[in-house]
Structure formats: structure tokens, C-alpha cells
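Residues per chain, in single letters:
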Amino acid sequence: MAKESLSAKDRAWDAASVETLLKAERDCVDTCFARMDTQSNQCKFGTLGVCCRICHMGPCRITPKSPKGVCGADADTIVARNFLREVVGGTAAHSDHGRHLVLRLKKVAEGNGGGYQIKDEAALRRAANDYNIEEAGRTKEAVAIDLANLFIGEFTSQEDPLKTLSLAPIKRQGMWEQLNLKPQSIDRMCVEAMHRTHMGVDHDYKHILMHAFRTSLADGWGGSRVATICSDILFGTPTPIKAKVNLGVLGEKTVNIVVHGHEPELSEMLAVAVKMPEIKEYAKNVGADGVTLAGICCTANEILMRHGIPVAGNFLQQELAIITGAVEMMITDVQCVMPSLPDVAKSYHTQIVTTSHIAKMVGAEHLGFDGNDALTSAKNIIRQAIDNYKNRDIKKMSIPKANSPMIAGYSVEAIKYMLGGKFRASFRPLNDAIMQGRIKGVVGIVGCNNPKQKMDHYMNVLTKELIKRDVLILKTGCAAIASGKEGAMTPEAALEHAGPGLREVCEAVGIAPVLHMGSCVDNTRILEAATEVVREGGLGDDLAQVPAVGVAPEWMSEKAVAIGCYFVASGVDVVLGHPFHINGSENVTKFLNEETKNIFGGSFHVAEDPHEAVTKIMDILNDAREKLGINKKAERKLLDMKDRRELNV
Ligand code: BF8
Ligand code: SF4
């Protein structure tokens, strides 16, 4: 029987979403929130991870009375196999996104860029240096071809481990080597995982789970990293930029186009096209004041970080944006796009458009995006959206007022620059602040929202409580958008909510206490920042020693599972707002939530309440501080060159 429906206020945290959910009820439009009610008796076997449908002797499900599947697989094997397949799903999604971008970079370097160019030569040369590619005295195109080929090798190499691993602290690399955890290549890891989990192959749950960590490293240090680096080279490394966020960014008198998905190729071109005089003119001719381009999910984060394009919302707001009745077109590419969108759009005039050759939806129009003639494709799509303005029904339109100012664009380079200025750009001031206790530690809050939880509630309560306790917050993905809506991403927020130490640092440097570092593939920026902190010295010689924690409060996707795994395999503790589907195996649960701490220096933790998470996180941070000997009013120890050399990082 369906659970009693919740009120709009129980389902969402921000006023704009509550208002639009009420409108959905009035308009009799089905949303994921309502569907959550009809799905409330979710399968217990799936929840526990003990359902196996890997072969056709099954499906088998494990109960106390039937503790083994037909083949003899027990709960440990079945749960571990299901978990590994989730990690593969996440790794594949991030990495395929990376692959598309590196292929684009190669085409650009070869002179067939289709309107794209190497926008950030410094980022290209920085990456070339990181990967030991000769760049001095060579053209950017020649360097880019070498870099692209090296990155393509990260997908296809058969024997060599990923090159990117060499960017991790030396101690961590040694640990991966010892554990035989260095992935050979992204594609090989995913194929091997599917092989291992085929009926009758790998049955030892620990062995299977270690491959899950290995595969996740191919994501975090491989596919996602490639995606971030190529995006920075092609579209520019983000620097702090002002923007607005929430449904209120939609215009009452403008043509509203919402981009939704993950890959920045098309949205970058839309951002360019929308500013062109011919497009503005075209919009005027249909009686609109112009065009408002806004984003949902990580495509939003990509164009927010580089262009300051407003964000209409995060994952659970995709249907709500349409329900405002003010969106002429929603343009989707890949990942996190609900197949319900064409149904929702039937009640309004919104056109739902798919653009990726790998992603179509029944009821949506497929306007293939030709990356080789991207600007023309972008302009054609925008013109079609403008043509739809005449179909907007003002009686069905209600745009909530709420929108908040935010600052985004904190790449690692931007943070370094903010901290140290152009000539002394470094993480030193951050390390010093952590060592002196003005900042207690750094917490990455990442991931999705999920209608099982009140949208954004956990993320915002947790963020507020942590900054109060002098913890600097780094955010990506939908978690970042939640903080933006909450107004926590402005320097002024530090004055209002941050503890005295963090406030002092934020004021001195001019940053917010919550830094927007980008989309979900940009979680690699968080790893990169943590590595920089280790390199800078004074906080140990490995990521596991840094007072840092990752949190996925309201996660829902397989990508979040992969991200959690590569954080843990990199030595960072990860707190989940709700558990994985693993509780049907005590052994697997114990391995992931406890034993990995001894292997990697970090493990998973579950805290279903944000206040419980605060306690857990502060314990982890204090423990790390204690071990570093900085959990007292220590005298400031400035490192000299000798100390730094000895750090060996
Ligand atoms: O990749 S946070 S709902 S949009 S999966 Fe999806 Fe989750 Fe949002 Fe970005 Ni990430
Ligand atoms: Fe059942 Fe084993 Fe087949 Fe899984 S692999 S469905 S447990 S028989």
C-alpha cells in the first residue's frame, strides 16, 4: 500500500521548489516525488543487495531459509558482485564523458575542431608538464596531439598502469602498487569487472571488492580526470565568477532554454550562440525580451563555472523547471535525465530535445548535435526554441521569485591564486590555517539529491553546522547547487555563519566558506587539491593523513558509488547519508565500512541524520589532527627547504 503522501514542505527545502511542487499538484502533474510514494514498498532483496539475476538459473534471492543461489553463490558473493557492477556503471559514465572530450581535443589539434579551439593554452601546457610531455618550443597543436594520444592510451592500454596515478602522493602510489590496485586502463577495468561478475568466475567477496576499488581508481584518477583536464583546455580553466541560482532565474519575458545533463560540448556552444546578435534579434522578432539560458545538474555546473550562466536547479528540480510553464525547450544530453520529462512536458508547451547519439527518449525530439559543425547546430536548436515562445500559455505560467547569488569557479588554480596571489600562488596559507587550527579540516560534500530524503535538507544542515565548526567546505555536483540556493556560496555567508577561525581566513582571502569546484567529474579537482595540500607540507605525506572527509549526503547514482570508492581507495573517509545496497552481507558491510580503514586509511561510514554526520566528521578530523600532532594550540612551524625535501611527496 502506498505511503501517505508528504506535503510539499516535507519533500523540499527551498521555497521555489515547494511552491512549484504545489503547482504540480494543482496542475495534476506527476513528479518523482509523487512516484516515490507509489514506489514506497521498494524491494527488500534489492535494498539488501541479495537479489542475483546474473544467470538464467535464477533470479535467485537470499533468505535465511535459502542461503545460497542455485549455483551455490552466497550473500557475500552476490552482494559484492552487485556492488562491483554499480562501480562499473559509474566509472563508465564518467569515463565515456572523458573519452568524448579527449576525442574532441584530438580533432581540434588536428585542425578539424568544428568551431572548438584550444582556449586555455596554459592549461594544456600545465597538463603536458604533469604527464612529462615535451612542450617548450612546440606549438600548442603538437602538444595537444601528444596529450590526447596519451589520454586515449589511458582508456586502451593493456599492460601499463594509468599514467595519471603518478600525480598522487608517492606513498599512496606505493600502497596501490603493493595491493596490486593500479588499474591498467579504464576500458580494461570495466571489461574485466563484467567478466569477473559473470556467472562462475570471481566468488571471493574481498577479491571482488578490491577490484571495485581498482575500477574506481580508473574513474577518479583516470576517466574523470581526463574529462576535467580536456574541458579546461578546450573551454577554459574556471576562475571565480558570479551567477544566480534557483528556478527564479527563468525569465517572465524571455525565451527560456534549459540545458540538462553532463557533457559540456553542446552547452558551451549554446552559451556562445545565445549571445550572438542574430539570435537576440530572432528572439525580439517573436516578441521576447531575449533568451535566458539556464542549466540543470552538471551541465549547469560546467557552464556556470566558465560563463556564469545561471543555474535553474539540481537533479530533483528537472521536472519542476518544466512545471513553471515558462520553459520553451529543455535540451538534454547524457546522465541523470529522467525519462519522465516528455510526460511532464505534455501538460505545458515545453519541447524536450535529446542531442546525444547514445541517449534518446520516447516522446522527445532528437535533434542530433553535430560536434563538427557545433555552432550551426547550436543556433538551429536555439531558433527552434525561440519559435516555440508563441506557444507559451501565460495562464499556466508561474515562476517562483526565489533565486540566490553565488560565486562559483573554484578550480585548483583559482584557489591557489586566491590564497597566494599571482606570484606566490600556493596552498601554503591553507595548510598554515589548518595547522594553526583556524581551519579544523576540509570536507568535500558532493553528489545528488534523492526523493527518499527531503531535497537539500541534509546537505544544507550539514554544511551550516560544519562551517560553524571552522571546517572549509568544497562542493561539486548537485550538492554545490544546493548550497548556492541556500546562499552559502558568497563571501558574506562567512560573516554570518562561519566559526571565528574560518571567518578570519575567508575574510582575509575574500572567499566563501563553501567553494563550488564544479561538476561531478570535477571531484578530481578535490583530489587534486588534497594532493596539493600534501605536497605543500606540514600535514603528513599521504592523503590519509590530511584532516579531510568526503560526504555524499543525498546520493542516488552509480557514479556516486564509484566516487565514494575512489575517495576511500585514495585514503579519504567517506560518510554516506544512506547506505549502499549491501546490508544483506555482514561480511561485505564490515569490509567496506570498517576493514578498508586498515587497508587504505579511509573507509565508508553511514550517518542517516546530518547531526550524527557532524559528530562523525568532527571525530575523524580531530583524530587526523591528533595523529599529526596539531590538535593543540601548537606553535606555528614554518617549514624550511630541508624539511620540505624530507617530506618526499
Ligand atoms: O553527476 S550529483 S544527480 S547531476 S550524479 Fe546526477 Fe548526482 Fe546531480 Fe551530476 Ni553527479
Ligand atoms: Fe542464481 Fe547463481 Fe545464477 Fe546468480 S549466478 S542467478 S545466484 S544461479
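Residues numbered from 1 in each chain as written. Chains lettered and ligands numbered in written order. Predicted model: local features only at pLDDT ≥ 70, side-chain atom pairs only at ≥ 80, totals over all residues. Heavy atoms only, no water.

## As for the site of ligand 1
Consideration 1: As a structural note, the neighbourhood of ligand 1 is formed by His 262, Cys 297, Cys 298, Phe 315, Cys 336, Gly 447, Cys 448, Cys 478, Cys 520, Met 556, Ser 557 and Lys 559.
Consideration 2: At a separation of 2.6 Å, an oxygen atom of ligand 1 approaches a polar side-chain atom of His 262.
Consideration 3: In the model, an oxygen atom of ligand 1 is placed 3.0 Å from a nitrogen or oxygen of the Lys 559 side chain. (Near = heavy atom within 4 Å. Polar contact = N/O pair within 3.5 Å; in protein donor to acceptor, adjacent residues only side chain to side chain.)

## Brief notes about the coordination of the nickel atom of ligand 1
Consideration 1: Donor atoms from the protein around the nickel atom of ligand 1 number only one, Cys 520 (SG), found at 2.2 Å.
Consideration 2: In this structure, the nickel atom of ligand 1 is coordinated by 4 donor atoms arranged in irregular fashion, with angles at the metal of 92 to 158 degrees.
Consideration 3: Its place among the elements puts Cys 520 in the loop between strand 13 (514–516) and helix 23 (523–536). (Donors = N, O, S within 2.8 Å, 3.2 Å for Na, K, Ca; no water. Tetrahedral: all angles 85-135°; square planar, octahedral: opposite > 155°, others 65-115°. Helix = DSSP H or I, 4+ residues; strand = E, 2+ residues; numbered from the N terminus.)

## What to know about empty space enclosed by the protein
Consideration 1: Under the counting rule described, the total for this entry stands at 4 cavities of 30 Å³ or more.
Consideration 2: Of the pockets and cavities examined, the largest cavity occupies roughly 210 Å³.
Consideration 3: If you trace the largest cavity, you find 23 residues lining it, with Val 442, Leu 474, Ala 529, Ala 530 and Val 533 closest to the centre.
Consideration 4: Elements that contribute at least two residues to the lining of the largest cavity include exactly helix 17 (412–420), strand 11 (441–445), strand 12 (471–475), helix 23 and strand 14 (548–552).
Consideration 5: Ranked by residues supplied to the lining of the largest cavity, first place goes to helix 23 with 5 residues.
Consideration 6: Class assignment of the residues belonging to the lining of the largest cavity gives a composition of 21 nonpolar, 2 polar and no charged.
Consideration 7: A volume near 110 Å³ is recorded for the second largest cavity.
Consideration 8: Taken together, 14 residues make up the lining of the second largest cavity; nearest its centre are Cys 336, Cys 448, Cys 520, Ser 557 and Lys 559. (1 Å grid on protein atoms, 1.4 Å probe; cavity = no way out; pocket = protein on both sides within 12 Å on 5 of 7 lines; lining within 4 Å. Points joined across faces, edges and corners; volume = space filled by probe spheres on them. Nonpolar A, V, L, I, M, F, W, Y, C, P; charged D, E, K, R; others polar.)

## Observations concerning the site of ligand 2
Consideration 1: Looking at ligand 2, the residues that line it are Cys 52, Ile 54, Cys 55, Met 57, Gly 58, Cys 60, Gly 69, Val 70, Cys 71, Ile 78, Arg 81 and Met 199.
Consideration 2: Residue-level mapping places the shell around ligand 2 at the junction of two domains, with at least three residues from each of domain 1 (8–61) and domain 2 (75–235). (Domains from an automatic or database assignment.)

## With respect to helix 11 (residues 264–273)
Consideration 1: The buried count for helix 11 comes to 9 of 10 residues, which makes it a mostly enclosed element.
Consideration 2: Every buried residue of helix 11 is accounted for by Pro 264, Glu 265, Leu 266, Ser 267, Glu 268, Met 269, Leu 270, Ala 271 and Ala 273. (Buried < 20%, exposed > 50% of the residue type's maximum accessible area, 1.4 Å probe, protein only.)

## Quick notes on the packing of helix 11 against helix 16 (residues 374–387)
Consideration 1: Running from N to C, helix 11 and helix 16 point in directions that differ by 70 degrees, and their axes come no closer than 9 Å. With respect to their mutual orientation, helix 11 and helix 16 come out roughly perpendicular. The two elements helix 11 and helix 16 cross, and the hand of that crossing is right-handed. Of helix 16, the residues touching helix 11 (which contributes Leu 266, Met 269, Leu 270, Val 272 and Ala 273) are Ala 374, Leu 375, Ala 378, Lys 379, Ile 381 and Ile 382.
Consideration 2: By residue class, the composition of the contact of helix 11 with helix 16 is 10 nonpolar, no polar and 1 charged. (Axes fitted to C-alpha atoms, helices over the stretch in contact; angles between N-to-C directions. Parallel < 35°, antiparallel > 145°, perpendicular 65-115°, else oblique. Left-handed = near helix turned anticlockwise from the far one by under 90°. Contact = heavy atoms within 4.5 Å.)

## Quick notes on the environment of Lys 140
Consideration 1: Note that Lys 140 resides in helix 7 (residues 140–156).
Consideration 2: By relative accessible area, Lys 140 is classed as partly exposed at 27%.
Consideration 3: Residues Lys 140 and Glu 121 lie 19 residues apart in sequence; the distance between their C-alpha atoms is 6.8 Å.
Consideration 4: Setting aside its immediate chain neighbours within four residues, Lys 140 contacts Ile 118, Glu 121, Leu 124 and Arg 125.

## Some details on the sheet that holds strand 12
Consideration 1: Strand order across the open sheet formed by 6 strands is 13-12-11-14-15-16, with parallel pairing between neighbours. Here the strands that pair on one side only, and so sit at the sheet edges, are strand 13 and strand 16 (604–606). Taking the axes of each pair of neighbouring strands and ignoring which way they run, one obtains an average angle of 25 degrees across the sheet.
Consideration 2: Here strand 11 runs beside strand 12; their pairing, made up of 5 bridges, is parallel. Looking at strand 12, one finds that Val 442 is bridged to Leu 472. (Pairing = 2+ DSSP bridges.)

## Section: the domain arrangement of the protein chain
Consideration 1: Here the protein chain is partitioned into domain 1 (8–61), domain 2 (75–235), domain 3 (247–396) and domain 4 (407–628).
Consideration 2: Put simply, the middle of domain 3 and the middle of domain 4, counted by C-alpha atoms, are 32 Å apart.
Consideration 3: Contact residues are listed per partner, giving 16 residues for domain 3 and 22 residues for domain 4.
Consideration 4: Both faces considered, domain 3 and domain 4 share a buried interface measuring about 1500 Å² in area, 69% of it formed by carbon and sulfur atoms.
Consideration 5: The three residues of domain 3 that bury the most area against domain 4 are Met 305, Asn 314 and Leu 316, which together make up 41% of that side's buried surface.
Consideration 6: On inspection of domain 3 and its partner domain 4, the count reaches 0 salt bridges.
Consideration 7: Our enumeration of links across domain 3 and domain 4 arrives at 11 residue pairs in polar contact (both at pLDDT 80 or more).
Consideration 8: For the side of domain 3 that touches domain 4, the secondary-structure elements that each account for two or more residues are helix 13 (297–307) and strand 6 (311–313).
Consideration 9: When residues in the side of domain 3 that touches domain 4 are grouped by element, the largest group, 7 residues, is from helix 13. (Buried area = accessible area lost by both parts, 1.4 Å probe. Salt bridge = Lys/Arg side-chain N within 4 Å of Asp/Glu carboxyl O.)

## A few points about the nonpolar core
Consideration 1: Ranked by internal contacts, the top residues of the largest apolar core, which has 181 residues, are Phe 83, Phe 213, Val 443, Leu 466, Leu 592 and Ile 617.
Consideration 2: For this core, the leading source of residues is helix 10 (residues 205–235), giving 16 residues.
Consideration 3: In contact with Phe 83, not counting residues within four places along its chain, are Leu 209, Ala 212, Val 561, Cys 565, Phe 580, Ile 582 and Leu 592.
Consideration 4: In terms of nonpolar packing, the next biggest core, distinct from the first, is built from 39 residues, Ala 12, Val 258, Ile 323 and Cys 336 among them. (Core = buried A, V, L, I, M, F, W, Y, C linked by side-chain atoms within 4.5 Å.)

## Considering the layout of surface pockets
Over the atoms, a rolled probe matching the size of one water molecule traces out where space is still vacant.
Consideration 1: Quantified by volume, the largest pocket comes out at close to 840 Å³.
Consideration 2: Considering the residues around the largest pocket, the lining is formed by 28 residues, among which Gln 42, Asn 450, Lys 452, His 578 and His 581 are closest to the centre.
Consideration 3: Looking at the lining of the largest pocket, the elements with two or more residues in it are helix 3 (32–38) and helix 4 (44–48).
Consideration 4: Looking at side-chain class alone, the lining of the largest pocket contains 9 nonpolar, 13 polar and 6 charged residues.
Consideration 5: Taken together, domain 1 (8–61) and domain 4 (407–628) each give at least three residues to the lining of the largest pocket, which thus spans both.

## Remarks on the pattern of salt bridges
Consideration 1: According to the stated counting rule, one finds 39 salt bridges in the structure shown.
Consideration 2: Across the pair Asp 96 and Arg 99 runs a salt bridge, and its minimum N-O distance is 2.9 Å. Here Arg 99 and Asp 96 lie together in helix 5 (residues 75–109), a separation of 3 residues that amounts to about one turn.
Consideration 3: Judged by its relative accessible area of 24%, Asp 96 is partly exposed.
Consideration 4: Measuring nitrogen to oxygen at the nearest pair gives 2.9 Å for the salt bridge that ties Arg 383 to Glu 278. Pair noted here: Arg 383 is in helix 16 and Glu 278 is in helix 12 (residues 277–285), with a separation of 105 residues, a long-range link.
Consideration 5: We classify Arg 383 as partly exposed; its relative accessible area is 24%.

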